[in-house]
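Fold and geometry: a report
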Amino acid sequence: AAGSAPAIARLFTYMLMTASTQTDRQCPVYLVIDEFQRMVAQNLEYLLQLARSMGVGVILSNQSMADLKSDRRDLTPIIEANCRFRQWFDVPSSVDRALLKDVAGETIEELGGWSVGNSANGTTSSQSGSEVILPRLSTNEMLEAGGHPKKSIIRLSRGDGYSQHAGLPIVIRSGFHISASEYERRK
């Protein structure tokens, strides 16, 4: 029955993690869960801690940040505390855009101008400048990233050097992990 699918998924997940500790691994183990909030709503923090202790990488996906909230629980703080890398391929919801814009914060941009004019005493010039506070990640940038096949928004925390970006969301452009010919061969 469809209602038992989350329970079966949880059972499979724990069996996979247990099996991963029973062998001498030759390669890393990853657990990929699509629409994870349906499966782990009550035990997400425990699942992530257990996977980390067993050396299992966990990749969670969902459609919207709104999916992380229900009448009974908000999973957003758990995701924030336990997930190092987050990626948005599209941000269609205005609620999600507002949340992402809030996390990105604001930045100060310098606006400047230069003018040249003629007067009775000859040519004159002046320079002016001002600072304005703008969102670090604009709605237009989010919409443009979501509409582009090679752009997305990432947020990386607990990294080193340039990979961290101060924990702020940034728009990136990335290629596919395999070539088109390799994709066709595998397909």
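What you see is a predicted model, and the numbers here were worked out from it, not measured in a lab.

1. Observations concerning the pattern of salt bridges
Counted by the stated rule, this structure contains 6 salt bridges. The shortest N-O distance in the salt bridge between R186 and E182 comes to 2.7 Å. Taken together, the residues span about one helical turn, with R186 and E182 both in helix α7 (residues 180–186) at a distance of 4 residues. We classify R186 as exposed; its relative accessible area is 53%. Between E184 and K187 there is a salt bridge, and its shortest N-O distance comes to 3.6 Å. Looking at E184, the relative accessible area reads 46%, which means it is partly exposed. Taking relative accessible area as the criterion, K187 reaches 66% and is therefore assigned exposed. Overlapping salt bridges bring together E80, R86 and R155 as one network.

2. So, helix α3 (residues 44–53)
Among all positions of α3, only L44, L47, L48, L50 and A51 are buried. Burial along α3 is one-sided: seen end-on, the buried residues are contained in an arc of 165°. In the stretch just after α3, G55 is the one whose phi turns positive, near 75°.

3. Details of the environment of S179
One can find S179 in the loop between β7 (170–173) and α7. Assessed through its relative accessible area of 41%, S179 is described here as partly exposed. Of note is the side chain of S179, whose polar atom sits 3.2 Å from the backbone nitrogen of E182.

4. Side note on unusual backbone geometry
A positive phi angle, near 50°, is found at E35, a position not held by glycine. Here E35 is to be found in the loop between β1 (29–34) and α2 (37–40).

Here is what the cut-offs are and how they apply
- Residues numbered from 1 in each chain as written.
- Predicted model: local features only at pLDDT ≥ 70, side-chain atom pairs only at ≥ 80, totals over all residues.
- Heavy atoms only, no water.
- Salt bridge = Lys/Arg side-chain N within 4 Å of Asp/Glu carboxyl O.
- Helix = DSSP H or I, 4+ residues; strand = E, 2+ residues; numbered from the N terminus.
- Buried < 20%, exposed > 50% of the residue type's maximum accessible area, 1.4 Å probe, protein only.
- Arc of directions from axis to C-beta.
- Polar contact = N/O pair within 3.5 Å; in protein donor to acceptor, adjacent residues only side chain to side chain.

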